[in-house]
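So the chains spell out like this:
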Amino acid sequence: MYTLQELAQKAKATPVATRGDESVLHGQTEMQPATSAVSFDSLPPVVRAQGWVFPSIGLSDIINWLLRYWLLILLMAVLGAAAGIAFGKTAKPRFTAGTDILVSPSNLQLVPNDVFATSMQAESQLMDVESKLRVLTSGNVLQRVVDELKLQDDPEFNGTETGLLSGFLGGAKKDADSIDPEKAKNISALRELSSRIDARRPERSYLINLSAWAREPEKAVLLANATAKAFQEEVAQNEQDGAARAARALIEPLNELKQAATEAEIKVAQFRNAQGLQTGNAGGLVSEQALTETNSQLVGALSRQAEAKSRYDELTSAKNQALDPSATLQSATLTALRTQYATLKQRVDAMAMTYGPRYPELVSAQSQLSGLQAQISQETSRILRAAKLDLEQANSVVETLRRQTETARSAVSLDTDAQVTLNDLERDRLAKTTLYQTYLTRAQEIAQRQQIDTTNIRIVSTALPPKSRSWPPGTALLTIAGAMVGGGMGGGLALLFGFVGAMRRQRRVL
């Protein structure tokens, strides 16, 4: 038997005809003459080391190989179809139910000054919807579904469902569950439910497509609807928790703010009492109001004093004119006396011209005239005394009001200095009471906000029982797919067997 080196030397000396691949058609074999010589030096190093030479393969060779092993291909196709039918009959079915949820980016504006601000930018709104999409498949939502549907007690979810591999995995699972069986079932149910829930958001949309699958159509509907409901409750609970945290953050400093406001009010009251500062109805100090009123009274008293003095001076200058009817001394009594005096004086003058001085009637009339003069003098004196008394009273009132004005002006001066300090205390009191009132009002608003659900998440369409299973596909489709896969594998084996045979023949030739 020649070695590769000897064959190479012979190839240099004389051309070597290589034997062509055998092609089998209808059970016969033909020998093809070589078309080119094979040089050992032209072979790859790996091939030269191992002694392998790859034959040239054409389309006719592939067809010949497939025809040679057609029975194998047919057998594999039949086995594949049988496997597809068996899988379709034995595989556990899956039924998928879906629901659509609308996550509106703008919540209901029930509270004018809400805790959560609403963004009107499209990018921020989409980020908010994407965040809520993650909440939909979060552990809190799934735990709500597990608790509501009691999935921890369902063999399909808690890992106790029997199957082909239950005998192999039963021992290890029992050991794991022996630590805390209830907790292990709950964790298993959460994992299983998480693998069966799928949520997607279509592009350029605020809708979320939620789908859930189970072994039974009714259970798939329950899973989808329960998950959508749990999602609504979880989002609402998150907002309530956020409002509760904000309320607690505002309530915590309320006691300190209340104490500070109370202390500021006490300081204002104590300082006001210590300085005697009293506020009137108009909001100003009583001392300022008293000074204003005293000044007004003093102006009136000065006016009355001037009138009383002018009247007294006039009466004093008209003292000797008491009998003159045109004199300034006027009163009802004095006017009547003057009238009687004038009438009687005319009568006396007339009788004096007619009768003698001792005429009885004349003497009597003169006596009456003297009496009227005495009465006029007395009335005049009374009027003068009254005018003098009015002047003295006016002077006294003016003096008293002047003293009161000076006292009030001094009090106002002192109160003005104290008012500066009081204003500082009032500003501090106002700031602290305003801050306390703001915190108190806001805390009460947020506390009430916890009771209001402002989320605008709506279930557009509830889940309906599916008409057919989503997995595995139909038996006919599995049969066709199995036959195609089996036939492909048979064809691959046929090509492999043909290629290996060609390599062996090529090696024998070399």
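See the structure above.
Keep in mind the model is a prediction, meaning the values are calculated, not measured.

So, about the overall build of the protein chain. Within the protein chain, the regular secondary structure consists of 15 helices and 6 strands. Evaluated residue by residue, the protein chain yields a buried proportion of 31% over its 510 residues. Long-range pairs, those at least 24 residues apart, make up 78% of the contacts in the protein chain between residues at least 6 apart in sequence. Of the roughly 32,000 Å² that the protein chain leaves accessible, carbon and sulfur atoms contribute 56%.

This part covers the sheet that holds strand β6 (residues 457–461). Strands sit in the order β4-β5-β3-β6 across an open sheet of 4 strands; the sheet is antiparallel. Of all the strands in the sheet, the pair left with one neighbour each is β4 (197–200) and β6. Each strand of the sheet is rotated relative to its neighbour by a mean of 30 degrees, with strand direction disregarded. The pairing of β4 with strand β5 (residues 207–214) spans 4 bridges and is classified as antiparallel. Bridged to Arg-200 within β5 is Asn-209.

This next bit is on the pattern of salt bridges. Tallied over the full model, the rule gives 15 salt bridges. Put simply, Asp-154 and Lys-219 hold a salt bridge, and the shortest N to O gap is 2.7 Å. One end of the pair, Asp-154, is in the loop between α6 (139–149) and α7 (155–158); the other, Lys-219, is in helix α10 (residues 217–251), with 65 residues separating them in the sequence. Across the pair, exposure class does not vary: Asp-154 and Lys-219 are buried alike. Salt-bridge contacts for Glu-156 lead to Arg-196; the nearest nitrogen and oxygen are separated by 2.4 Å. Of this pair, Glu-156 sits in helix α7 while Arg-196 sits in helix α9 (residues 181–196), and the two are 40 residues apart along the sequence. Accessibility classification places Glu-156 together with Arg-196 in one group, the buried group. Within this structure, Asp-154, Glu-156, Glu-192, Arg-196 and Lys-219 form a network of salt bridges that share partners.

Before going further, it helps to examine the packing of aromatic side chains. One pass over the full model with this rule turns up 1 aromatic pair. Over the ring of Phe-157 we find Arg-196, and its NZ or CZ is 4.4 Å from the ring centre. In this structure, Arg-196 is placed above the aromatic ring of Trp-213, and the distance from its NZ or CZ to the ring centre is 4.2 Å.

The buried category is assigned to Arg-196, whose relative accessible area is 2%. Within the local environment of Arg-196, its side chain forms a polar contact with the side chain of Glu-192, the two groups lying 2.9 Å apart. Setting aside residues no more than four positions away along its own chain, Arg-196 makes contact with Glu-156, Phe-157, Ser-211, Ala-212, Trp-213, Ala-214 and Arg-215.

With that settled, consider the pairing of β4. Here β4 shows one buried face, formed by Ile-197 and Ala-199, and one open face, formed by Asp-198 and Arg-200. The loop that links β4 with its antiparallel partner β5 comprises 6 residues; one of these, Arg-204, has a positive phi angle of about 55 degrees.

Soluble globular proteins tend to pack their nonpolar side chains together in the buried interior. In this structure, Ile-101, Leu-136, Leu-151, Leu-193, Leu-223 and Phe-231 are the most contacted members of the largest nonpolar core, which totals 31 residues. At the level of elements, β3 (95–103), α5 (122–136), α6, α9, β4, β5 and α10 are the ones that each hand at least two residues to this core. Sort the elements by how many residues they give to this core and α10 lands first, with 9 residues. Not counting chain neighbours up to four residues away, the residues in contact with Leu-223 comprise Val-145, Leu-149, Leu-151, Phe-157, Leu-193, Ala-212, Trp-213 and Ala-214. Tyr-341, Val-348, Leu-362 and Ala-365 belong to the second largest nonpolar core, which has 10 residues in total.

Spanning 22 residues, helix α11 (residues 254–275) covers 32 Å between terminal C-alpha atoms, matching the ideal 32 Å at 1.5 Å per step. Of all the positions in α11, only Leu-254, Leu-257, Ala-261, Ala-264, Val-268, Phe-271 and Arg-272 are classed as buried. Along the axis of α11, the buried residues cluster in a sector spanning 135 degrees; they form a single face. Of the residues in α11, the exposed ones pointing more than 90 degrees away from the buried face are Asn-255, Glu-256, Gln-270, Asn-273 and Ala-274. Positive backbone phi, approximately 70 degrees, marks Gly-276, located one or two places after α11.

What follows concerns the packing of α6 against α10. At a minimum axis separation of 8 Å, α6 and α10 run at an interaxial angle of 125 degrees. Overall, the two elements α6 and α10 adopt an arrangement that is oblique. Our pair here, α6 against α10, has a crossing hand that is right-handed. Along the contact surface, α6 presents Asn-140, Val-141, Arg-144, Val-145, Glu-148 and Leu-149, while α10 presents Leu-222, Leu-223, Ala-226, Thr-227, Lys-229, Ala-230, Phe-231, Glu-233, Glu-234 and Gln-237.

Our focus in this paragraph is the packing of helix α4 (residues 70–90) against helix α15 (residues 475–509). The geometry of α4 relative to α15 is characterised by a closest axis approach of 6 Å and an angle of 150 degrees between their N-to-C directions. Considering the angle they form, α4 stands roughly antiparallel to α15. Relative to α15, α4 is oriented so that their crossing is right-handed. In the contact of α4 with α15, the residues fall into 13 nonpolar, 10 polar and 1 charged.

Within the chain, Lys-150 stands out as a residue other than glycine whose phi angle is a positive 55 degrees. Inspection of the secondary structure puts Lys-150 in the loop between α6 and α7.

What counts, and at which threshold
- Residues numbered from 1 in each chain as written.
- Predicted model: local features only at pLDDT ≥ 70, side-chain atom pairs only at ≥ 80, totals over all residues.
- Heavy atoms only, no water.
- Helix = DSSP H or I, 4+ residues; strand = E, 2+ residues; numbered from the N terminus.
- Buried < 20%, exposed > 50% of the residue type's maximum accessible area, 1.4 Å probe, protein only.
- Contact = heavy atoms within 4.5 Å.
- Areas by Shrake-Rupley, 256 points an atom, 1.4 Å probe, with all protein chains shown as cover.
- Pairing = 2+ DSSP bridges.
- Axes fitted to C-alpha atoms, helices over the stretch in contact; angles between N-to-C directions.
- Salt bridge = Lys/Arg side-chain N within 4 Å of Asp/Glu carboxyl O.
- Phe/Tyr/Trp six-rings, centres within 6.5 Å; stacked < 30°, edge-to-face > 60°.
- Lys NZ or Arg CZ within 6 Å of the ring centre and 35° of its normal.
- Polar contact = N/O pair within 3.5 Å; in protein donor to acceptor, adjacent residues only side chain to side chain.
- Core = buried A, V, L, I, M, F, W, Y, C linked by side-chain atoms within 4.5 Å.
- Expected span 1.5 Å × (residues − 1).
- Arc of directions from axis to C-beta.
- Parallel < 35°, antiparallel > 145°, perpendicular 65-115°, else oblique.
- Left-handed = near helix turned anticlockwise from the far one by under 90°.
- Nonpolar A, V, L, I, M, F, W, Y, C, P; charged D, E, K, R; others polar.

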